[in-house]
Amino acid sequence: MSIQDTFVFTDEKFADLQLLRYQVKGFDQLTLRQKCLIYYLSEAALWGRDILWDQNCRCNLPVRNLLEAIYKHYAGDRTEQEFQDFTVYLKRVWFSSGIHHHYGCQKIIPAFSEAFLRQAASQLPPGVLKLAEGQTVAHLLDTLCPIIFSPHILAKRVNQADGEDLLLTSACNYYEEGITQQEAEQFYTRQKKDGDPDRPVMHGMNSRLVRRADGRLAEDTYRSGGLYGKAIDHIIRMLQAALPYAENEQQKAVISTLISFYRTGDLHTFDRYAIEWVADTASQVDFVNGFTEVYGDPLGLKASWEGYAYFTDAEASTRAQKLSDNAQWFEDHSPINPAYRKPVCKGVSASVVTAAMLGGDLYPSSAIGINLPNSNWIRSEHGSKSVTIGNLIHAYDEAAKTGGMLKEFVIDEATLQMVTQYNACCDSLHTDLHECLGHGSGRLRPGVDPDALKAYSSTIEEARADLFGLYYIADKKMLQLGLLPCKEAYQAQYYTYMMNGLISQLVRIEPGHQIEEAHMRNRALIARWTLAHAPEAARMVKREGKTYVKVTDYPALRTAFGTLLAEVQRIKSEGDYEAARLLVETYGVQVDAPLHQEIRQRYQALHLAPYKGFINPRYEAQTDGQGHITDIQVTYGEPYDQQMLRYSEQYATLSHSTR
Ligand code: ZN
């Protein structure tokens with residue numbers, strides 16, 4: 001029994017952010033052994049926090065150290081405006097795991113003055129700032145103030161602007177300063193020549209590219225004894241503690257192989273781990289822990305660290321399982337060139353899970369679906385595992401109910417009613433189609449480099465999965481499988497998808513900026529391409545000065561999605577970089593300034609936060625006094641700032657001084 005049941009969904013709101021809580025429903029029904037497994041996997045998910053902060057930008061940890069010291073020890077008036085502004089800035093930096101916006105990647109500019117920061121820092125009690133040997137507080141501030149206040153220094157975490165040197169203009173820390181895009185691309189082109197061309201390892205994913213004293217480029221590998229070794233040793237320790245509680249032999253192999261990977265940094269070992277992980281479909285408790293997604297690297301090679309512990313929600317998984325069981329049918333009927341269909345669709349496993357702990361790049365802002373591994377050849381030979389995260393989706397839905405977004409942006413009462421009625425079931429179904437089938441479908445033409453689309457690959461891949469879902473959600477098959485209540489229900493998804501891609505997602509973009517993030521680019525691309533190529537299906541209309549999407553022919557919209565899916569699959573299968581560039585740059589990037597301004601004004605009048613993240617629950621082990629765990633208790637009450645400060649203290653692994 002849980003002692004504390006003070007569960008609340010929404011917590012706090014500041015800037016463009018809102019913190020929610022997610023409930024770990026069903027935790028109390030797990031066996032003690034499973035609870036212990038989750039406990040240690042959760043600890044492993046938290047120990048890599050500092051890795052991500054350092055990956056995002058080399059200045060993040062020193063800045064966090066300075067800000068947290070002031071937040072804890074500030075002796076002035078905490079109710080005055082500058083301190084309030086300072087607090088908002090710190091909370092935003094926590095949310096983004098660094099000084100750049102977690103989604104838009106631009107630097108967060110503080111509302112308080114440099115004079116305030118210098119004054120506050122100079123009055124700190126001696127010893128609370130971790131200074132490097134010989135460093136003074138004044139020297140630290142001279143280093144950090146330009147980084148915090150100047151909009152021009154380290155301006156973007158990930159720059160994707162076509163035609164610029166993407167490494168020299170990005171602040172992320174995957175490449176040593178001064179290494180150019182061309183140098184890095186040449187380095188990895190050479191690396192790719194070695195090894196098995198049919199089963200390539202993911203070159204560069206677990207290292208920082210540096211320049212040695214003799215000028216040659218080399219990799220500093222993330223591993224025990226290497227870069228981030230101290231954090232990795234703690235993760236290994238927690239994985240070892242989890243091992244005795246593994247649910248079966250297969251899961252033991254997964255954990256042991258991951259430990260070997262962390263010890264060696266060897267990418268073949270990583271592939272073996274991924275294969276073992278895919279093969280473990282029997283365990284109810286599962287996890288992700290490691291260098292995983294490449295969105296934080298402008299070249300799409302280097303993976304950010306993330307950690308995640310979860311368990312299967314058996315009831316909700318039936319839905320996803322129905323799709324998985326029919327994977328081959330979907331593949332065979334896909335409206336793409338038959339040469340690019342997978343002849344045998346294998347091992348597409350899917351389930352709905354309950355998140356138990358979020359860490360690294362999944363905290364506090366988290367994906368609601370996960371599809372891994374990312375290696376193309378492992379996916380086609382061994383399959384992939386796909387999960388949608390039920391309790392996070394539920395928390396979002398609860399927050400959206402009170403929002404008012406739909407009422408403002410949906411064109412009329414009849415459409416609003418239809419959307420409200422079917423949106424929730426359509427949303428989960430589209431996510432399932434995207435994750436369970438979309439990413440796993442299709443194949444490359446033999447000999448095509450999986451990285452051929454370079455900076456455009458993430459956007460094209462997300463578009464492919466989204467289009468697959470959009471095309472099939474309107475199929476009779478959904479009714480036959482009992483996944484939608486009626487044959488019009490899909491229209492809710494079509495309407496909201498178009499509305500989001502054309503209108504509502506613009507609220508997330510700052511004035512004067514373009515669309516940068518892969519998922520946002522993909523949604524804009526699909527919606528705008530459809531408007532341009534199927535004007536009979538949908539158009540933009542203006543009513544009383546407000547812009548809306550009007551869908552006039554839903555079946556025609558489906559045909560358009562199918563046509564675009566075929567083209568996007570062709571681009572991916574053939575590695576047609578030029579076509580990818582043209583498609584993304586034409587439809588996925590630009591923002592129409594007057595429309596943008598209108599949408600932002602309408603949105604601001606609603607007083608909502610466009611981005612949401614989650615506060616983690618807390619697990620505490622009860623012991624019998626002789627070191628044996630008798631139960632694990634989950635509690636939810638921890639405030640956002642307390643959780644962040646506790647993590648910074650408890651899971652500190654990297655040096656806080658600037659290098
Ligand atoms: Zn996706």
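Being a predicted model, the structure only gives us computed values, none of them experimental.

**Let's talk about the pattern of salt bridges**
- The full count for this structure, using the stated rule, is 31 salt bridges.
- Between E461 and R464 there is a salt bridge, with the nearest N and O atoms lying 3.0 Å from each other. Here the residue E461 and the residue R464 both occupy positions in helix α17 (residues 457-473), the gap between them amounting to 3 residues, near one helical turn.
- When the shortest N-O distance is used, the salt bridge between R570 and E567 registers 3.0 Å. Of this pair, R570 and E567 both sit in helix α21 (residues 554-574), 3 residues apart, roughly one helical turn.
- Each of E408, K542, K546, E598 and R602 takes part in a single network of salt bridges with overlapping partners.

**What about the side chain of R49?**
- In this structure, R49 sits in helix α2 (residues 49-56).
- Buried R49, no salt bridge; nearest opposite-charge side chain is D50, N-O distance 4.4 Å.
- When neighbours within four sequence positions are excluded, R49 is seen to be in contact with R64, W94, W305, M644, Y647 and S648.

**Here we look at the packing of helix α3 (residues 60-73) against helix α5 (residues 114-122)**
- Running from N to C, α3 and α5 cross one another at 70°; their axes reach a closest spacing of 10 Å. Considering their axes alone, α3 and α5 lie roughly perpendicular with respect to each other. Considering how the two elements wind past one another, α3 and α5 form a crossing that is left-handed. Residues L66, L67 and I70 of α3 pack against L117, A120 and A121 of α5.
- The residue makeup of the contact of α3 with α5, split by class, is 6 nonpolar, no polar and no charged.

**Brief notes about the nonpolar core**
- Judged by nonpolar contacts, the single largest core of 211 residues is most densely connected at L66, L117, L239, F291 and Y308.
- Apart from residues lying up to four places away in sequence, L66 is in contact with L117, A121, L129, L140, L141, L144 and I148.

**Focus on the packing of aromatic side chains**
- A full pass over the atoms with the stated rule returns 38 aromatic pairs.
- Taken together, a centroid distance of 6.4 Å and an interplanar angle of 90° make the contact between Y490 and Y554 edge-to-face. Highlighted residues: Y490 in helix α19 (residues 490-502) and Y554 in helix α21, separated in sequence by 64 residues. Each member of the pair, Y490 together with Y554, is buried.
- Each residue in the set F14, Y71, Y74, F83, F86, Y89, W94, F112, F116, F149 and Y640 is aromatic and connected to the rest through ring pairs, giving one cluster.
- The positively charged end of R78 is found above the aromatic ring belonging to Y71, 5.8 Å away from the centroid.
- Over the aromatic face of Y577 sits the side chain of K454, whose NZ or CZ is 5.8 Å from the ring centroid.

**Notes on the coordination of the zinc ion**
- Distances from the zinc ion to its protein donors, namely H434 (NE2), H439 (NE2) and E462 (OE), fall within the range 2.1 Å.
- Going along the chain, you hit the donors of the zinc ion in the pattern H-x4-H-x22-E.
- A relative accessible area of 11% places H439 in the buried class.

**Thoughts on helix α9 (residues 249-264)**
- Its 16 residues give α9 an end-to-end C-alpha distance of 23 Å, which sits within 8% of 22 Å, the value for a rise of 1.5 Å per residue.
- Three or more residues of α9 are buried, namely Q251, V254, I255, T257, L258, I259, F261 and Y262.
- Elements in contact with the buried residues of α9: α1 (32-46), α8 (229-242), α10 (267-279), β5 (285-293) and β6 (304-312).
- One or two residues past the end of α9 sits G265, with phi positive at roughly 70°.

**Quick look at the pairing of strand β11 (residues 546-551)**
- Here 6 bridges tie strand β10 (residues 538-543) to β11, and the two strands are oriented antiparallel to one another. When the sheet's bridge partners are listed, R539 is paired in β11 with K550.
- Hairpin remark: β10 followed by β11, antiparallel, with 2 residues in the connecting loop; positive phi at E544, about 45°.

**Some details on unusual backbone geometry**
- Cis peptide bonds are those with omega within 30 degrees of zero, and the linkage from Y363 to P364 qualifies with -5°.
- Take P364: it is sitting in the loop between β7 (348-360) and β8 (369-372).
- With an omega dihedral of 0°, the bond running from L372 to P373 counts as a cis peptide bond.
- With respect to the helices and strands, the residue P373 is situated in the loop between β8 and α13 (376-382).
- Positive phi, normally seen in glycine, also occurs at A15, with a value near 45°.
- Within the secondary structure layout, A15 lies in the loop between β1 (10-14) and β2 (17-21).
- A positive phi angle, near 50°, is found at S97, a position not held by glycine.
- Looking at the secondary structure, you find S97 in the loop between α4 (81-96) and α5.

**Here's the deal with the packing of helix α20 (residues 518-533) against helix α22 (residues 577-587)**
- In the contact formed by α20 and α22, the axes pass within 8 Å of each other and the chain directions differ by 85°. The angle between α20 and α22 falls in the class roughly perpendicular. Across the interface between the two elements, R521, A524, L525, R528, W529, A532 and H533 of α20 pack against L583, V584 and Y587 of α22.
- Here the residues of the contact of α20 with α22 are counted per class, giving 7 nonpolar, 1 polar and 2 charged.

**Side note on the confidence of the model for the protein**
- The pLDDT averaged across the protein works out to 93; a share of 96% of its residues lies at or above 70.
- Residue range residues 1-9 is modelled with pLDDT below 50. Its contacts to residues more than four positions away, or to other chains, number 17 contacts.

**Quick look at the environment of L483**
- Among the structural elements, L483 can be located in the loop between α18 (476-480) and α19.
- Using a relative accessible area of 11% as the deciding quantity, one classes L483 as buried.
- Between the alpha carbons of L483 and P610 there is a distance of 29 Å; along the sequence they are 127 residues apart.
- In contact with L483, not counting residues within four places along its chain, are R319, K322, L323, L429 and M478.

What counts, and where the lines are drawn
- Residues numbered from 1 in each chain as written.
- Predicted model: local features only at pLDDT ≥ 70, side-chain atom pairs only at ≥ 80, totals over all residues.
- Heavy atoms only, no water.
- Salt bridge = Lys/Arg side-chain N within 4 Å of Asp/Glu carboxyl O.
- Helix = DSSP H or I, 4+ residues; strand = E, 2+ residues; numbered from the N terminus.
- Buried < 20%, exposed > 50% of the residue type's maximum accessible area, 1.4 Å probe, protein only.
- Lys, Arg positive; Asp, Glu negative; His and termini not counted.
- Contact = heavy atoms within 4.5 Å.
- Axes fitted to C-alpha atoms, helices over the stretch in contact; angles between N-to-C directions.
- Parallel < 35°, antiparallel > 145°, perpendicular 65-115°, else oblique.
- Left-handed = near helix turned anticlockwise from the far one by under 90°.
- Nonpolar A, V, L, I, M, F, W, Y, C, P; charged D, E, K, R; others polar.
- Core = buried A, V, L, I, M, F, W, Y, C linked by side-chain atoms within 4.5 Å.
- Phe/Tyr/Trp six-rings, centres within 6.5 Å; stacked < 30°, edge-to-face > 60°.
- Lys NZ or Arg CZ within 6 Å of the ring centre and 35° of its normal.
- Donors = N, O, S within 2.8 Å, 3.2 Å for Na, K, Ca; no water.
- Expected span 1.5 Å × (residues − 1).
- Pairing = 2+ DSSP bridges.
- pLDDT = per-residue confidence, 0-100.

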